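Structural overview for review
Listed below are the residues making up each chain.
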Amino acid sequence: MRDVAAGIGYLLKGQRWVARHGRWWGFGMIPALITLVGYAGAMTALVLYAGDLADRATPFADGWGSPWQGLLRGALAVTAVAVGGLLSVITFTAVTLLVGQPFYESLCEKVDETEGGAPARPDVPLWRELWISARDSLYVLVRVAAIGLVLFLCGFLPVVGQTAVPAIGFVVSGYFLTAELTAVALQRRSVPQKERLCLLRSRLGLALGFGVPLVLLFLVPFVTVLAMPGAVAGATLLARDLAPVEPSDESDDAEDDDEDDALGSGSDPAHRSDHAIDLGK
């Protein structure tokens with residue numbers, strides 16, 4: 001429970017960070033606003049035609065009497081909209097991060113700078129960053145789509161399909177949403193995707209505490225746009241916890257050199273006499 005509370009805390013800290021840096025809040029909303037327009041249209045179509053989809057998916061119920069036919073198809077339509085909504089949360093984030101890669105890279109860098117201990121900027125061209133981001137997002141989306149299909153099929157189960165399935169969907173969506181949002185900051189720290197997912201699994205409470213409340217927020221369309229910059233900022237703060245920046249080798253070498261200089265110029269007579277013998281040889 002402590003990790004869950006910490007995850008919620010990072011979400012709130014991210015929103016507070018962008019509230020204190022209003023220019024970056026507006027800057028981070030641009031990609032989310034562009035993506036929202038397309039997704040609003042897609043979700044509207046799903047809601048309008050969910051009943052028709054349910055009818056076509058259950059031809060075996062054509063001869064059923066009332067109220068069983070209506071209950072089955074109504075539950076299936078609700079499940080389709082719920083699963084579509086949860087999938088849209090994940091895909092929306094992935095597409096927004098892809099569209100806004102330069103925006104969110106700059107936002108992550110700014111958060112690191114203000115908090116201290118920023119990693120070195122990766123020497124990777126923009127096209128390469130976009131390719132890595134698209135590849136990693138596709139990997140996550142394939143897994144989410146597979147899980148979403150299983151949940152959709154489980155939606156046919158009486159009672160369980162209308163209670164447990166949506167709850168499991170929120171948990172799964174929260175985990176993968178955290179994976180998507182922390183990807184920018186962890187990629188800056190040269191953490192490969194498989195290792196990123198392992199880090200999140202090792203701190204599952206932290207990931208769910210951050211991601212599940214965000215899934216609930218993202219179900220409200222315009223709130224997604226408002227909360228997205230703070231979500232990226234909070235994910236950066238969370239990534240700093242998962243993969244803190246280690247001191248650079250150069251600073252370690254410099255410290256070793258300083259220690260060697262101190263020893264060489266120290267006041268230990270034995271050390272000075274040994275050094276003098278070596279010079280005599």
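Up top is the structure these notes are about.
We now turn to the structure provided with this report.

1. Some remarks on the overall build of the protein
- Helix and strand content of the protein: 11 helices and 0 strands.
- Going from N to C terminus, the protein has its helices and strands arranged as α-α-α-α-α-α-α-α-α-α-α.
- In the protein, 81% of the contacts between residues at least 6 apart in sequence involve partners at least 24 apart.

2. Let's talk about the packing of aromatic side chains
- Scanning all chains against the criterion turns up 5 aromatic pairs.
- Ring centres of Phe 27 and Phe 103 lie 4.8 Å apart, and the angle between their planes is 40°; this geometry places the pair in the tilted category. Here the residue Phe 27 occupies a position in helix H2 (residues 22-57), and Phe 103 occupies one in helix H4 (residues 101-115), the gap between them amounting to 76 residues.
- Judged by relative accessible area, which is 28%, Phe 27 ranks as partly exposed.
- Geometrically, the ring pair formed by Tyr 39 and Phe 92 is edge-to-face, given 5.5 Å between the ring centres and 85° between the ring planes. Residue Tyr 39 is found in helix H2, and its partner Phe 92 is found in helix H3 (residues 68-99); the two are separated by 53 residues along the sequence.
- Of the residues examined, Phe 92 reaches a relative accessible area of 4% and is grouped as buried.
- By way of ring pairs, the aromatic residues Trp 24, Phe 27 and Phe 103 are connected into one cluster.

3. Brief notes about the pattern of salt bridges
- For the coordinates displayed, the defined rule picks out 7 salt bridges.
- For Asp 3, the salt bridge identified is with Arg 203, shortest N-O distance 2.9 Å. Of this pair, Asp 3 sits in helix H1 (residues 2-20) while Arg 203 sits in the loop between helix H7 (193-202) and helix H8 (204-218), and the two are 200 residues apart along the sequence.
- Exposure remark for Asp 3: the relative accessible area of 26% places this residue in the partly exposed category.
- Put simply, Asp 112 and Arg 240 hold a salt bridge, and the shortest N to O gap is 3.0 Å. With Asp 112 in helix H4 and Arg 240 in helix H9 (residues 221-242), this residue pair connects regions lying 128 residues apart in the sequence.
- In the salt-bridge network here, residues are joined through shared partners; they are Glu 105, Asp 112, Arg 188, Arg 189 and Arg 240.

4. Observations regarding the packing of H1 against H8
- Interaxial distance between H1 and H8 falls to 6 Å at its minimum, and their mutual angle equals 50°. Comparing the axis directions of H1 and H8 gives the class oblique. Judged by the twist between their axes, the crossing of H1 over H8 is right-handed. Along its contact with H1, which presents Asp 3, Val 4, Ala 6, Gly 7, Ile 8, Tyr 10 and Leu 11, the element H8 presents Gly 205, Leu 206, Gly 209, Phe 210, Pro 213 and Leu 214.
- Of the residues contributing to the contact of H1 with H8, the split by class is 9 nonpolar, 3 polar and 1 charged.

5. Digging into a nonpolar patch on the surface
- A cluster of nonpolar side chains, contributed by Trp 25, Leu 33, Phe 222 and Leu 226, occupies part of the molecular surface with about 360 Å² of accessible area.
- Of all elements in the fold, only H2 and H9 reach the threshold of two or more residues within the nonpolar patch.
- Here Leu 33 is to be found in helix H2.

6. Some points on the nonpolar core
- Ranked by internal contacts, the top residues of the largest apolar core, which has 50 residues, are Leu 181, Phe 210, Leu 214, Phe 218, Met 228 and Val 232.
- In terms of residues, this core owes the most to one element, H9, which gives 11 residues.
- In contact with Val 232, not counting residues within four places along its chain, are Leu 97, Tyr 104, Leu 107, Cys 108 and Leu 181.

Analysis parameters
- Residues numbered from 1 in each chain as written.
- Predicted model: local features only at pLDDT ≥ 70, side-chain atom pairs only at ≥ 80, totals over all residues.
- Heavy atoms only, no water.
- Helix = DSSP H or I, 4+ residues; strand = E, 2+ residues; numbered from the N terminus.
- Contact = heavy atoms within 4.5 Å.
- Phe/Tyr/Trp six-rings, centres within 6.5 Å; stacked < 30°, edge-to-face > 60°.
- Buried < 20%, exposed > 50% of the residue type's maximum accessible area, 1.4 Å probe, protein only.
- Salt bridge = Lys/Arg side-chain N within 4 Å of Asp/Glu carboxyl O.
- Axes fitted to C-alpha atoms, helices over the stretch in contact; angles between N-to-C directions.
- Parallel < 35°, antiparallel > 145°, perpendicular 65-115°, else oblique.
- Left-handed = near helix turned anticlockwise from the far one by under 90°.
- Nonpolar A, V, L, I, M, F, W, Y, C, P; charged D, E, K, R; others polar.
- Patch = residues over 30% accessible without salt bridge, like charges linked within 9 Å, V, L, I, M, F, W, Y side chains within 5 Å.
- Areas by Shrake-Rupley, 256 points an atom, 1.4 Å probe, with all protein chains shown as cover.
- Core = buried A, V, L, I, M, F, W, Y, C linked by side-chain atoms within 4.5 Å.

That is the geometry; function is a separate question.
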